[in-house]
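# Geometric and topological summary
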Amino acid sequence: MTDLIRLTAAELASRLASGEVSSVEATQAHLDRIAAVDGDVHAFLHVSDHALEVAADIDRRRAAGEQLGPVAGVPLAIKDVLVTTDMPSTSGSRILEGFLSPYDATVVARSRAAGLVPLGKTNMDEFAMGSSTEHSAYGATHNPWDLDRIPGGSGGGSAAAVAAFEAPLALGSDTGGSIRQPAHVTGTVGVKPTYGGVSRYGAIALASSLDQVGPVTRTVLDAGLLHDVIGGHDPHDSTSLTEAWPSFAAAAREGATGQVLKGLKVGVISELPDSGFQAGVSESFRAALAAMEAQGAEIVEISAPHFEYGVAAYYLILPAEASSNLAKFDSVRFGLRVDVPGGTVEDVMAKTRDVGFGEEVKRRIILGTYALSAGYYDAYYGSAQKVRTLIQRDFDEAFAKVDVIATPSAPTTAFKLGEKIDDPLQMYLNDVTTIPANLAGVPGISIPSGLAAEDGLPVGIQFLAPAREDARLYRVGAALEAVLLDQWGAPLLDRAPALGANGGAR
Amino acid sequence: MVSEITPELVRHLGVLARIQLSDDEVERLTGQLDVIVDNIAKVSEVATPDVVATSHPIPLENVFRADVPGDMLTVAEVLQNAPDAASDRFRVTAILGEEQ
Amino acid sequence: MGKDKLMDFDAALEQFEPVLGFEVHVELNTETKMFSAAANPAHASNHDAAPNTLVAAVDMGLPGALPVVNETAVKYSISLGLALGCSIAPSSRFARKNYFYPDLGKNYQISQYDEPIAFEGSVDIELAGGDIVTVPIERAHMEEDAGKLTHMGGSTGRIQGAEYSLVDYNRAGVPLVEIVTKPIFGTEHRAPEIAKAYVAAIRDIVIALGISEARMERGNLRCDANVSLRPRGQEKLGTRTETKNVNSMRSVERAVRYEIQRQAAILAAGGTITQETRHWHEDTGTTSPGRPKSDADDYRYFPEPDLLPVAPSLELIEELRAALPEPPAARRRRLKTDWGFTDLEFQDVVNGGLLAEVEATVAAGASPAAARKWWTGELTRVSNASDREPAELVTPVAVADLQKLVDDGTLTDKLARQVLEGMIAGEGSPQQIVDARGLAVVSDDGALIAAIDEALAAQPDVLEKIRDGKVQAAGAVIGAVMKAMKGQADAARVRELVLERAAQ
Ligand SMILES: [Mg+2]
Ligand SMILES: [Zn+2]
């Protein structure tokens, strides 16, 4: 029998549609895989008890002749930042241990309506604060390429689940790179849609003006299929864009023909010096650009002078918004309560928040409280909002000259677990290439560009497009993916080491 | 700008943020925040008065909801995660401060 | 409580000038809440909802929930802003006011900070003597109400001494407009009266707009009164206190008077006023200190990232402006003149809250005097004896129809009261009741003459007296006739006929 777990979502979907495979079989194969490898990877915080029931229902409906969506019956992993009615939602925090939402996030509801089969909830840095998933209250996730290394963050669980063939599709959220940077270090594909392109309703907010939910997959087409399911206007989210979107799966299919690279203007930022990047990352990036050039793309140097202020602005805006968004975790209505004998409710709240939040969360809440407090607002939060304007202008000027901007998705390959945990500033610098997209609201995609020569670990290339031009990213991403797949002869993930007691499924 | 993160300030921020920080935490955070703030304070270098602030990445306005009831939770749903409840309400220990 | 030293009010005014300021919160009676589609407990249909039955995810701050602005609440806010003579901001924004409190589901209140929807206006208020005072308005902004805490255990039901508290989030997210005045100078000895009249004026305006139930006892309208004193001749404002949530107009008046007397006593003794919030105690008529202003009052306002600017079009603003009702004070002046009432008669109508009823009854054809008489008389009497408002008893049109039957002689006043009784009991229109109960005045002279002759025959002594010119003796005969006719006769006509018959 075909190894169901190694199929792309698109392949699996077509076999489900033809009746060659049932959703129960596909779901069971992934549950088996989770059972076999997740002890090592720890991508999941919770595995659904209902997955097989849901799969059986899809099979029944298909057998009854019901017209199902293009990905019906395909299993899906859900980042724990998204609330679900049938599984706990913790956002990786102890303060929400066991929390059961009375409502589904819009993207979850849409996934269910499309017939996707939720497999479980994936691990993440607590409240999505981090770039390594080491800040989860429930233990770190391990990179399937090297279990001693980080899977990226905050969405390390979703990326690792997809890279370890525990799920063909996963949902992530990206506030400053939490979809794209994990994709980079795990050799997978991640898309941060245009701000407002996908509903935030039911995504436990980190920084409201930066957060976006998006797909985490192994191929660009799969990302497009999932984006088509979750995207579009949601009246529950005031920042949700109202326009109709083209099919991103169609854009990916069109891109895979390779034609789009001819005459494509690809911007490379002159201010991003090689010196900040690991040699293997820079080499892989340049090789990918060369491959595009060979297909007729034109590489254009562009200037983005304010991107260097991006990290600083981000680490003011994010903590400020987060300090307010996380105020709701106070022991009154849900979540942890730590009793203080003889204490007032104020004491109980303060104690609960001290015990319930991890170090990184407390650090950012205190930082954000400082940035917003009287006397500092203008210098910090106010100035950071101005930097946003400057970065948007940089993008506007760049996109007047080029179709997409390309950067390495992150400065280094996966670092060792524990390596940067005690140096928050070093950890923050991981997001230098991904942050500008969140500040400006533009879409970004990370796809594998190869392995770094010095450590054999995956490297990703990031493309950025103007706001609302997500489809362009799918076309360009799929085009480069096809070219590279041709070069490699097999998907990059085939080169990842085997996992688990049964030797994985090679 | 030179930041002036002191233990007193961090303790005060802990009060505003309702986090009961231990002395150890205050000390550690003071050092870390000092370094971080020194690095992020550079935003003010380019944030000149002529630059307008951006609060939303994609500018929109007048997003409204029609005044039609819906979306309500049942009492059971409201209370399903309550750490403590009585008489269909959330129960909290005595309150020290007053309403705002 | 009550141990405050007070200075005599007139003496206080001699030494000090009071400066007032008000923050009035108005709960809007929209169908749904400010930021969620949960039903609004401040809407008449939801008054008696059980705890936590009017709650959507965003009202209790559930993880992942997001606010969406209620369009009707925005329109009501604009209308209120216009009625307060304010400018409407071409673009206004919501902001988060961050503070922890158990009645606040998100631990921040969505409010407006530096960009309110309405700003710079004024309201003319009318004092009892007819004087008009203009109160300057600084701003009116949109925000959400908090949930409700009930303090349990302890003896007082107050927060002090309670063992625990219960939280109900029904009220969380009720749309509010907060109206903030500028400092009000020159109120002098009329400060308490002006305070009361200001709140009354706001209440009139929101009732005329139909945007709030405006019941102070229910908390639909809540007033925080700021009072400061400065020595005569001093430019600089004194330190102010803010007396919170005073829940009746009379209390607003008393609280302002009390604060003036209390602060004057402290200042005159060389003391200083603490900037603090204070609580009003209805029972003792005193205020007591609440929370002092402190650096914990750092609300860390920032633009609400989950919401977008409200930028009403000029067309919408003008449409709402055109639909504004006549300002209540102007309307009262106009009606008083039109109806020709005395001050006392007009006050009767106003105090009874019967202006609209009298107006509608007059519009339906009754004379102003007759309309006033029905509404402030019989209908108010029945209302007081029952649980129903006068307006719930009968319609103005029905009252006008009833008066028509009096005017054309079909009914006497006494009969008309019986018909009204039938109307209140739901027996139909005045004419239907007259027909069904057979209540019309007997206007057939023949029947009356027969009855009169019978009565005169029965009381020969009376006939004698009448013939001797003692006309007032006719009363006894008239009474007997009216009794015989079961009251359904026109007494004046009976009198005429009695005198006629006696002369024969
Ligand atoms: Mg106030
Ligand atoms: Zn207010």
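The residue count restarts for each chain, going from 1 along the sequence in the order it is written. A letter from A marks each chain and a number from 1 marks each ligand, given out in the order of writing. With the structure being a predicted model, the display of local features is reserved for residues of pLDDT at least 70 and the display and counting of side-chain atom pairs for 80 or more, all residues being used for whole-chain, interface and lining totals. Remark: hydrogens and water are excluded; side-chain values derive from all non-hydrogen atoms of the structure.

Taking an unreviewed UniProt entry as the reference, chain C is identified by name as Aspartyl/glutamyl-tRNA(Asn/Gln) amidotransferase subunit B belonging to Microbacterium aoyamense. UniProt positions are given in the numbering used here, feature names are shortened, and annotations may be inferred rather than shown by experiment. Regarding chain C, the UniProt comment filed under Sequence similarities (unreviewed entry) reads as follows: "Belongs to the GatB/GatE family. GatB subfamily." Recorded under Subunit (unreviewed entry), the UniProt text for chain C is reproduced unchanged: "Heterotrimer of A, B and C subunits."

By the naming in an unreviewed UniProt entry, chain B is Aspartyl/glutamyl-tRNA(Asn/Gln) amidotransferase subunit C, taken from Microbacterium aoyamense. Under the heading Subunit (unreviewed entry), UniProt records this for chain B: "Heterotrimer of A, B and C subunits." Looking at chain B in UniProt, the text filed under Sequence similarities (unreviewed entry) is "Belongs to the GatC family."

Our next topic: the overall build of chain C. Across its full length, chain C holds 17 helices and 15 strands. On C-alpha atoms alone, chain C measures out to a radius of gyration of 30 Å, which is more than a quarter above the 23 Å that the 2.2 N^0.38 rule sets for 504 residues. With the C-alpha coordinates aligned to their principal axes, the bounding extent of chain C is approximately 100 × 55 × 50 Å. A simple rule labels every residue: compare its accessible area, found with a 1.4 Å probe on the protein chains alone, to the largest value its type can have, and call it buried under 20%, exposed over 50%, or partly exposed in between. The 504 residues of chain C split such that 53% are buried. Working rule for contacts: check all heavy atoms of both residues, and any pair within 4.5 Å makes them a contact. Residue pairs at least 24 apart in sequence account for 68% of intrachain contacts in chain C once pairs closer than 6 positions are excluded. His is not counted, nor are the chain ends; Lys and Arg add positive charge and Asp and Glu add negative charge. The location of each charge is read from NZ of Lys, CZ of Arg, CG of Asp or CD of Glu. Charged side chains of chain C number 54 positive and 74 negative; the gap between the two group centres comes to 3 Å. Each helix is a run of DSSP H or I of at least 4 residues and each strand a run of E of at least 2, with the numbering of both proceeding from the N terminus. With C-alpha atoms as the basis for the radius of gyration, the globule rule is written as 2.2 Å multiplied by the number of residues raised to the power 0.38.

Glancing now at the sheet that holds strand β15 (residues 302-303) of chain C. Two strands are counted as paired when DSSP detects at least two bridges linking them. Within the open sheet, the three strands sit side by side as β5-β4-β15 (chain C). Their pairing is antiparallel. Here the strands that pair on one side only, and so sit at the sheet edges, are β5 (108-111) and β15 of chain C. Bridging between strand β4 (residues 95-98) of chain C and β15(C) involves two bridges; their strand directions are antiparallel. Across the sheet, the residue bridging to R96(C) is F302(C), located in β15(C). Packed onto the sheet, helix α10 (residues 310-325) of chain A meets β4, β5 and β15 of chain C and runs at close to 65° relative to β4(C). Lines fitted to C-alpha atoms define the axes here, with helix axes fitted over just the stretch in contact, and angles between the N-to-C directions of these axes take values from 0 to 180 degrees.

Further remarks concern the coordination of the zinc ion (ligand 2). All names here are of chain C. For Na, K and Ca the donor cut-off is 3.2 Å, and for all other metals it is 2.8 Å, counting N, O and S atoms only; because water is absent from this set, sites may look incomplete. For the zinc ion (ligand 2), the full set of protein donor atoms is H25 (NE2), E143 (OE) and E178 (OE), at a range of 1.9 to 2.1 Å. Each donor residue of the zinc ion (ligand 2) lies on one chain, and together they are spaced H-x117-E-x34-E. The two metals, the zinc ion (ligand 2) and the magnesium ion (ligand 1), are separated by 4.3 Å. Here E143 lies in strand β7 (residues 132-144) and H25 lies in strand β1 (residues 16-27), a separation of 118 residues in the sequence. Given the relative accessible area of 3%, E143 is considered buried.

Here we come to the packing of helix α8 (residues 355-363) of chain C against helix α11 (residues 396-407) of chain C. Residue and element names in this part refer to chain C. Remark: α8 packs on α11, axes separated minimally by 8 Å, with the N-to-C direction vectors making an angle of 50°. Classified by the interaxial angle, the pair formed by α8 and α11 is oblique. Relative to α11, α8 is oriented so that their crossing is right-handed. On the side of α8, the interface is formed by E357, A360 and T361, while α11 contributes P396, V399 and A400. When grouped by side-chain class, the residues that make up the contact of α8 with α11 number four nonpolar, one polar and one charged. Angular relationships are summarised with four words: roughly parallel below 35 degrees, roughly antiparallel beyond 145, roughly perpendicular across 65 to 115, and oblique for the angles in between. In a left-handed crossing the near helix is turned counterclockwise from the far helix by less than a right angle, and in a right-handed crossing that turn is clockwise. Each residue is assigned to one class: nonpolar for Ala, Val, Leu, Ile, Met, Phe, Trp, Tyr, Cys and Pro, charged for Asp, Glu, Lys and Arg, and polar for all the others, Gly among them.

Moving on to the interface of chain A and chain B. Listed by partner, the interface residues are 69 residues for chain A and 57 residues for chain B. Summed over both partners, the accessible area (1.4 Å probe) lost when two parts come together is defined as the buried area. In total, chain A and chain B occlude about 5200 Å² of area from one another, counting both sides; carbon and sulfur atoms represent 67% of this. Each reported salt bridge corresponds to a side-chain nitrogen of Lys or Arg within 4 Å of a carboxyl oxygen of Asp or Glu. At the surface where chain A touches chain B, the tally comes to three salt bridges. With a shortest N-O distance of 3.4 Å, R28(B) and E359(A) are connected by a salt bridge. N or O atoms closer than or at 3.5 Å make up a polar contact, with two conditions inside protein: a donor-capable atom paired with an acceptor-capable one, and, for residues adjacent in sequence, both atoms drawn from side chains. The interface formed by chain A and chain B includes 20 residue pairs in polar contact (both at pLDDT 80 or more). Of all elements in the fold, only α10, α11 (345-356), α12 (359-372), α13 (378-399), α14 (424-428) and α15 (435-440) of chain A reach the threshold of two or more residues within the side of chain A that touches chain B. Its residues placed into classes, the side of chain A that touches chain B shows 33 nonpolar, 21 polar and 15 charged.

What follows concerns the environment of L405(C). Residue and element names in this part refer to chain C. With respect to the helices, strands and loops of the structure, L405 is situated in helix α11. Given the relative accessible area of 7%, L405 is considered buried. Each C-alpha atom of the pair L405 and V434 lies 9.4 Å from the other, and the pair is 29 residues apart in sequence. Leave out the neighbours within four places in its chain, and L405 touches T410, L411, P430, Q431 and V434.

Packed helix pairs are specified by the crossing angle of their axes together with the interaxial distance, meaning the distance between the axes. Residue and element names in this part refer to chain C. At their nearest, the axes of helix α2 (residues 71-83) and helix α3 (residues 191-209) sit 10 Å apart, and the two run at 130° to each other. Between α2 and α3, the interaxial angle falls into the category oblique. Like other packed secondary-structure pairs, α2 and α3 cross with a definite hand, here right-handed. Where α2 approaches α3, its residues S79, L80 and A83 are matched on the opposing element by I205, V206 and L209.

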